[in-house]
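The lines below spell out each chain.
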Amino acid sequence: MTSTVPVTILHRVRREADANATDGRNAPARHWLYLAAFASVYGLLFLAYYPPTHGVEDEVGFINQTLALSRGAITPEGAGFEGLQDFRPYKGRMVGIRNPGRPLISAPFVALGGLRGVFLPGALVHLGLTFVGALIFVRLGLSPLWGCLLLWHPTLCLYSRTVMGDTAAGLAVLFALLVLLSSRRPGAGAGLALGAAAVMRYQAGLVLPFFALAIFADPAIARRRREAFMCLLTGAGAGALIVAYNFHMYGNPTGIVKGEFGLRYFPGNLIFYSAVLLSIWPFMLIAPAIDRSRLRLASAAVCAPTFAFFCFYYFHDQGPGIVQTLVVGPRLIQIALPAWIVTYCVVMDRHVVTRLSGLIPRRAIGGLAGVALILLATFNGLMFARHQRHLENLIDLRAEIAGTVPPGSLLLSNSVAWKLLGVLYPAVPAYRLMQLGEPGFTAAAAREDRAWYISFLTKDPGASIDDEALSAAIARYACEPLETRHPELLMFRCPPGTGAPAP
């Protein structure tokens, strides 16, 4: 005779989950109103400081692929463009090197509203993170106001102003968590959500097998083996489409991989990411390890492989100061950051708020929370204002380059200057852009029958410039320096026909 013990345990777990869900759905309506009010403040800030240009090198490829897609093509030539940057030649055509997900989201906005519309999906994705997170909290019996920690996280907030796929991948992963909590048969839905995340950023596919294991280990799911298999099946189906796309576009299954991995990067990245995750929301690093909610395994399935993967990667972003570095540093782990914040909120509610409620009146806790959220909104508003000034300075720098270099000229730039001119905004002349160190430049310079130019831009105006590639180019091509208004910008004019080494 079959034992009834496992069935009894399963029924108890389901009753507890249903009780939590009911508690969440009975959260005061004013909590949703407060969340909507803060979301409206974010929306107003975004519109008041609407990005006038891009500011990150990776955005060039995402924006230019969006431009092509907005005209119904996947190649620049198919869309009627010449010289779009961040494309590579393959079988006689130019192909974009960035993941296709974010351009697919952005293309309708550009088709309807022009190039400036490319930034609007970032705000919508950010608001999506906030409200999907709020729904997760409701399913777990928490207040939806915890969604404000997603809304006002400085990294997520700042990068909502950019055109990249990381945050959109994080939203898709977060949706997989919501499916897990909301559906009696979550496998197929979660797998499709994780597949969508991988379309935004291929590395999100690492989460799939671990998430399937989390489904298999969840006692609240009937037929766990079947649901875990369905998660793998649907996620792998999305992965197969990605592989087919990459074979069509690049002739290989992985696309164009930039950067490198190595054991030598692990110690420094481990310390860096640990410090970041301990600092912005205090002690968030350890939240997945002490979470005891139903999400604990799924959250760990998202956070652990993403964290480990980027500890071996050669790069993490940095700013000119400690605060800026803390904000921009977690950029690459935005795939897992929303899920990490959710599990952090669950831990904070259980171990901090619940204990405080036994020591001080609930109204006082609400007042403290309100003050904290107002301060966070203020901080992010100031951050938006500062970032806006940075973008406006980039526009001024771009205008100086455009005022110095005649249209159609050959222009050699480092990556920081290249990104300013890599997108064809209306005020940007068309140049034949190449980057320092790019193969084939010597031959291109030798063919020139008129003067060509070098632009070099540092991120920090006060930084000393000691760049070997720049020094070698100036000496080799006998380039003369040009005066500039900005101390961080160096410009040089080079004589025609100087492709051969100097005697």
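This report concerns the structure included in the present document.

Glancing now at the overall build of the protein chain. Within the protein chain one finds 21 helices and seven strands. What you see for the protein chain is a C-alpha radius of gyration of 25 Å, in line with the 23 Å of a compact globule of 503 residues. Over its C-alpha atoms, taken along the principal directions, the protein chain stretches across nearly 90 × 50 × 45 Å. When burial is assessed residue by residue, the protein chain has 50% of its 503 residues classed as buried. Contacts in the protein chain between residues at least 24 apart in sequence constitute 75% of all its contacts with a sequence separation of at least 6. When the accessible area of the protein chain is evaluated, it comes to approximately 22900 Å², of which 64% is carbon and sulfur surface. Side-chain charges in the protein chain split into 42 positive and 29 negative, and the spacing between the mean points of these groups amounts to 14 Å.

Once that is clear, we can look at the state of the cysteines. In total, this model carries one disulfide according to the counting rule given. The closest cysteine sulfur to the non-disulfide-bonded Cys 231 is located on Cys 303, 16 Å from its own sulfur. Judged by its relative accessible area of 0%, Cys 231 is buried. Cysteine Cys 303 is unpaired, with the sulfur of Cys 345 as its nearest cysteine sulfur at 12 Å.

Time to look at the pairing of strand β5 (residues 452–457). Remember that side chains alternate between the two faces of the sheet whenever the strand is regular. Counting buried positions along β5 yields six of six residues, so the element is predominantly enclosed. Alignment of strand β3 (residues 410–413) against β5, held across three bridges, turns out to be parallel. From the neighbouring strand, Leu 412 faces β5, where its bridge partner is Ile 454. Both β5 and strand β7 (residues 489–494) contribute to a ladder of six bridges, which runs antiparallel. Bridge pairing in β7 places Tyr 453 opposite Arg 493.

For the rest of this paragraph, the subject is the pairing of β3. Here β3 shows a buried face lined by Leu 410 and Leu 412 and a second buried face lined by Leu 411 and Ser 413. Pairing of β3 with strand β4 (residues 432–435) involves four bridges; the strand directions are parallel. Residue Ser 413 lies in a different strand from β4, and its bridge partner there is Gln 435. For the crossover that starts at β3, traverses helix α19 (residues 415–421) and ends in the parallel β4, the hand is right-handed.

Further remarks concern the pattern of salt bridges. If you walk through the whole model with that rule in mind, you get twelve salt bridges. For Asp 58, the salt bridge identified is with Arg 331, shortest N-O distance 2.6 Å. One end of the pair, Asp 58, is in helix α3 (residues 57–70); the other, Arg 331, is in the loop between α16 (322–328) and α17 (337–357), and 273 residues separate them in sequence. An identical accessibility class is assigned to Asp 58 and Arg 331; each is buried.

The subject of this paragraph is the nonpolar core. In globular proteins that are soluble, nonpolar side chains generally tend to be buried together. Core analysis: the largest hydrophobic core is formed by 127 residues, its most contacted members being Ile 136, Trp 152, Phe 211, Leu 295 and Ile 341. No other element matches the eleven residues that helix α9 (residues 166–182) contributes to this core. With near-sequence residues (within four places) excluded, Leu 295 lies in contact with Ile 136, Leu 140, Leu 177, Leu 180, Leu 181 and Val 342. Membership of the second largest hydrophobic core comes to 16 residues, among which are Leu 410, Leu 412, Met 434 and Cys 494.

Rules of the game
Residues numbered from 1 in each chain as written. Predicted model: local features only at pLDDT ≥ 70, side-chain atom pairs only at ≥ 80, totals over all residues. Heavy atoms only, no water. Helix = DSSP H or I, 4+ residues; strand = E, 2+ residues; numbered from the N terminus. Rg over C-alpha atoms; globule rule 2.2 N^0.38 Å. Buried < 20%, exposed > 50% of the residue type's maximum accessible area, 1.4 Å probe, protein only. Contact = heavy atoms within 4.5 Å. Areas by Shrake-Rupley, 256 points an atom, 1.4 Å probe, with all protein chains shown as cover. Lys, Arg positive; Asp, Glu negative; His and termini not counted. Charge placed at Lys NZ, Arg CZ, Asp CG, Glu CD. Disulfide = S-S within 2.5 Å. Pairing = 2+ DSSP bridges. Right-handed = clockwise from strand over helix to strand, strands pointing away. Salt bridge = Lys/Arg side-chain N within 4 Å of Asp/Glu carboxyl O. Core = buried A, V, L, I, M, F, W, Y, C linked by side-chain atoms within 4.5 Å.

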